[in-house]
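# Structural description and commentary
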Amino acid sequence: MSPRGRPRGFDRDAALAAAMRVFWERGYDGASLADLTAAMRINSPSLYAAFGGKEALFREAVALYGATHGGHTRRALTEKPTARAAIEAMLRDNLAAYTDPALPPGCMVVLAATTATPANHGVREHLATLRRETLADIRTRLDRGVADGDLPAGVDTAAMATFYGTVLFGLSIQARDGRATGELAAVVDAAMGAWDSFTRPARPGIGRP
């Protein structure tokens, strides 16, 4: 129900999905209220009544993205049986999503507010926090690999998480720039080829790369 007790004349879920796509394609600053209301098929008063404003709408759209198109990382890290399988699935599944021609290219959380006006600092920091949480989730999965015995004790899981998280975020940027899926798949191949350089024991007197 609306604040005055009248039923809304639009589907809120459909409107939110449309707003998510606008933010995903254009970023937070690039998505004007006119863009949003046109895609959502509502007027500005209805947007504010239903969602509270542009930033609140954006935060809901990001949450929807995380629960739908942005859920590949979470699934890979929780469902795959080994740390290596989890990291590889994370990269390959996200790459497939980033280059899906039916969707905007890249990751909304990486691309929607890499820069922002001072007034929108909270939006940029919100996405930065989500990216930091992704890095923490990757490290947690690697630490679990150590505990499970599929990664050697003493491996630098912090460095591994930073490396694979950086590859993940970089794939998003490259996909937005139009790089071909095959080219980016080769990047994933190379990243997984680096796995042994992290996990092999360092020889005495030689640091790990």
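Residues numbered from 1 in each chain as written. Predicted model: local features only at pLDDT ≥ 70, side-chain atom pairs only at ≥ 80, totals over all residues. Heavy atoms only, no water.

### Description of the pattern of salt bridges
- Under the criterion given, the structure shown has eleven salt bridges.
- The residue R92 makes a salt bridge to D189 at a minimum N-O spacing of 2.7 Å. In this pair, R92 is assigned in helix α6 (residues 83–98) and D189 in helix α10 (residues 181–193), connecting sequence segments 97 residues apart.
- The exposure class of R92 is partly exposed, given its relative accessible area of 30%.
- Residue D189 is classed as partly exposed on the basis of its relative accessible area of 43%.
- Each member of the salt-bridge network shares a partner with another, and the members are E88, R92 and D189. (Salt bridge = Lys/Arg side-chain N within 4 Å of Asp/Glu carboxyl O. Helix = DSSP H or I, 4+ residues; strand = E, 2+ residues; numbered from the N terminus. Buried < 20%, exposed > 50% of the residue type's maximum accessible area, 1.4 Å probe, protein only.)

### Some words on unusual backbone geometry
- A positive phi angle, near 60 degrees, is found at R41, a position not held by glycine.
- If you trace the backbone, R41 turns up in the loop between α2 (33–40) and α3 (44–51).
- Its relative accessible area of 77% is what places R41 among the exposed residues.

### A closer look at the domain arrangement of the protein
- Partitioning the protein into structural domains gives domain 1 (12–65) and domain 2 (69–199).
- Between the C-alpha centres of domain 1 and domain 2 there is a distance of 26 Å.
- In this complex, domain 1 contributes 14 residues to the contact, which on the side of domain 2 involves 23 residues.
- At the junction of domain 1 with domain 2, the criterion picks out zero salt bridges.
- Summed over the shared surface of domain 1 and domain 2, the number is nine residue pairs in polar contact (both at pLDDT 80 or more).
- At the level of secondary structure, the elements contributing two or more residues to the side of domain 1 that touches domain 2 comprise α1 (12–30) and α4 (54–67).
- Element by element, the count of residues in the side of domain 1 that touches domain 2 is highest for α1, at eight residues.
- Grouping the constituent residues of the side of domain 1 that touches domain 2 by class yields eight nonpolar, one polar and five charged. (Domains from an automatic or database assignment. Contact = heavy atoms within 4.5 Å. Polar contact = N/O pair within 3.5 Å; in protein donor to acceptor, adjacent residues only side chain to side chain. Nonpolar A, V, L, I, M, F, W, Y, C, P; charged D, E, K, R; others polar.)

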